[in-house]
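Each chain, written out:
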Amino acid sequence: MDFALRSCSWHGHETYAPDEPELRDRLHVDTAVGQAWRCLRCGNFVPGAPPASGPADAAPEVPRGRLLRDRLIMRLLATERMFRALGLVLLAIGVFKLRSSKGRVEDAFENELPLIRPLARQLGWNIDDSKLVHHIEQAFSLSATTLTWIAVGLLVYAGLQVIEAVGLWMVKRWGEYFAVVATSLFLPLEIYELTEKITWLRAGLLLVNVAAVVWLIWSKRLFGVRGGGAAYHAEHSEESLMTVERAAVKQAS
């Protein structure tokens, strides 16, 4: 997949007119329909005047190539974090509602459980040995204060997921660090849950989180890996089309 062309089809081309004559000549051509300028993202010449001009150093940093692919991966991770945060918020709302009307919910559960048991038998589900039912019954035995703290903890966790999602979506350096630290803190808990019972959901979430941590540390050169921040910023600069063209001008002269 050509990520540059896909991104340009979604957001439009990025053209820029540098003040330096040598760079202007490399990024500009005259055609039968008028002037055309080279897109800083996909590299194709686009008819029409560029929306901005100025010194080459002031040109927008437009991700291209592998950096553009990395941005897509980070935004997919950000989307997954936002869905996870939404689920946590809904779960916290459920806990708050259980706290405020625990007696009524418990009575309804006890009344409906015998009606569900025959259908569960036909489906091969033994309700009496179900951990889900057991956890629900345990929740009814918790005090209002305990339920409040559980709901608050879920909201705090959801808030961490939102901060992580925003940092990743905006492709910020702090967001990359925050994502690695926040995700790593909860890995022991996810591993412990797998020791209790292995499910596709738990295994999938753990795999996603481990892969995200390893990929972010390696690809974004976090914590000094592969040259650290200096190498990270140098790589971004080298991927810039303006930087490439500036280097070509220097070599030619």
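Details of the structure are given in the entry above.
Conventions and cut-offs
- Residues numbered from 1 in each chain as written.
- Predicted model: local features only at pLDDT ≥ 70, side-chain atom pairs only at ≥ 80, totals over all residues.
- Heavy atoms only, no water.
- Axes fitted to C-alpha atoms, helices over the stretch in contact; angles between N-to-C directions.
- Helix = DSSP H or I, 4+ residues; strand = E, 2+ residues; numbered from the N terminus.
- Parallel < 35°, antiparallel > 145°, perpendicular 65-115°, else oblique.
- Left-handed = near helix turned anticlockwise from the far one by under 90°.
- Patch = residues over 30% accessible without salt bridge, like charges linked within 9 Å, V, L, I, M, F, W, Y side chains within 5 Å.
- Areas by Shrake-Rupley, 256 points an atom, 1.4 Å probe, with all protein chains shown as cover.
- Salt bridge = Lys/Arg side-chain N within 4 Å of Asp/Glu carboxyl O.
- Buried < 20%, exposed > 50% of the residue type's maximum accessible area, 1.4 Å probe, protein only.
- Phe/Tyr/Trp six-rings, centres within 6.5 Å; stacked < 30°, edge-to-face > 60°.
- Lys NZ or Arg CZ within 6 Å of the ring centre and 35° of its normal.
- Pairing = 2+ DSSP bridges.
- 1 Å grid on protein atoms, 1.4 Å probe; cavity = no way out; pocket = protein on both sides within 12 Å on 5 of 7 lines; lining within 4 Å.
- Points joined across faces, edges and corners; volume = space filled by probe spheres on them.
- Nonpolar A, V, L, I, M, F, W, Y, C, P; charged D, E, K, R; others polar.

K.L.:
Where do I start with the packing of helix α3 (residues 66–100) against helix α6 (residues 144–169) in this structure?
P.N.:
Any two packed helices are characterised by the angle at which their axes cross and by the distance between the axes. Orientation of α3 relative to α6, taken along the N-to-C sense of each, is 165°, at an axis distance of 8 Å. With respect to their mutual orientation, α3 and α6 come out roughly antiparallel. Between α3 and α6 lies a crossing whose hand is left-handed.

K.L.:
What is the right way to read a nonpolar patch on the surface from this model?
P.N.:
Judged by side-chain polarity, Met82, Val162, Ile163, Val166, Trp169, Met170 and Trp174 come together as a nonpolar surface patch covering roughly 630 Å² of accessible area. For the nonpolar patch, the element with the most residues is α6, which contributes 4 residues. Locating Trp169 in the fold gives a position in helix α6. We classify Trp169 as partly exposed; its relative accessible area is 42%.

K.L.:
I tried to follow unusual backbone geometry on my own but got confused; where do I start?
P.N.:
Where the residue is not glycine, phi is negative for most of them; where a peptide bond is considered, it is trans in most cases. Phi angles above zero are rare outside glycine, and Val171 is one such case at about 55°. Residue position: Val171 is located in the loop between α6 and α7 (173–196). The exposure class assigned to Val171 is buried, which follows from its relative accessible area of 16%. Residues other than glycine seldom take positive phi values, yet Arg226 does so here, at roughly 55°. Structurally, Arg226 can be placed in the loop between α8 (200–219) and α9 (228–239).

K.L.:
How should the packing of aromatic side chains be read in this particular structure?
P.N.:
Each aromatic ring pair is summarised here by two numbers: the centre-to-centre distance and the angle between the ring planes. Using the criterion set out here, one finds 2 aromatic pairs in the structure. Relative to Phe186, the ring of Tyr157 lies with its centre 4.3 Å away and its plane at 25°, an arrangement referred to as stacked. Of this pair, Tyr157 sits in helix α6 while Phe186 sits in helix α7, and the two are 29 residues apart along the sequence. Relative accessible area serves as the criterion here: at 18%, Tyr157 is assigned to the buried category. Plain terms: the ring middles of Tyr177 and Phe223 are 5.0 Å apart, the flat faces sit at 85° to each other, and that makes the pair edge-to-face. Taken together, the positions of Tyr177 in helix α7 and Phe223 in the loop between α8 and α9 put the pair 46 residues apart, joining distant regions of the chain. The ring centre of Trp10 lies 4.3 Å from the NZ or CZ of Arg6, which sits over that ring. In this arrangement the basic side chain of Arg226 is found over the ring face of Trp218, its NZ or CZ atom lying 4.8 Å from the centre.

K.L.:
Explain the sheet that holds strand β3 (residues 34–38) to me, please; I cannot follow it from the model alone.
P.N.:
Through backbone hydrogen bonds, the strands of a sheet pair up, either in parallel or in antiparallel fashion. Here we have 3 strands laid out as an open sheet, ordered β2-β3-β4, and antiparallel in their pairing. Sheet topology places β2 (28–31) and β4 (45–47) at the edges, where each strand pairs with a single neighbour. Taking each pair of neighbouring strands and ignoring which way they run, the sheet shows an average axis angle of 35°. Two elements, β2 and β3, share 4 bridges in a ladder whose sense is antiparallel. Following the sheet pairing, Asp30 is matched in β3 by Gln35.

K.L.:
So what exactly am I meant to see when it comes to the environment of Pro51 here?
P.N.:
Tracing the backbone shows Pro51 in the loop between β4 and β5 (53–54). Using a relative accessible area of 70% as the deciding quantity, one classes Pro51 as exposed. When the C-alpha positions of Pro51 and Tyr16 are compared, they lie 6.7 Å apart, and in sequence the two are 35 residues distant.

K.L.:
Looking at this structure, how should I read the layout of surface pockets?
P.N.:
A water-sized probe, rolled over the atoms, reveals where empty space remains. Considered as a void within the structure, the largest pocket measures approximately 1100 Å³ in volume. The wall of the largest pocket is formed by 27 residues, among which Leu88, Leu91, Leu154, Glu193 and Arg202 lie closest to the centre. Every element with two or more residues in the lining of the largest pocket is listed here: α3, α5 (131–140), α6, α7 and α8. The element that contributes the greatest number of residues to the lining of the largest pocket is α7, accounting for 7 residues. Per-class residue counts for the lining of the largest pocket are 19 nonpolar, 3 polar and 5 charged. Volume-wise, the second largest pocket comes out at about 240 Å³. If you go around the second largest pocket, the residues you meet are Arg6, Ser7, Trp10, His11, Arg41, Pro63, Leu68, Arg71, Leu72, Arg75 and Trp169. Elements with a minimum of two residues in the lining of the second largest pocket: α1 (3–11) and α3.

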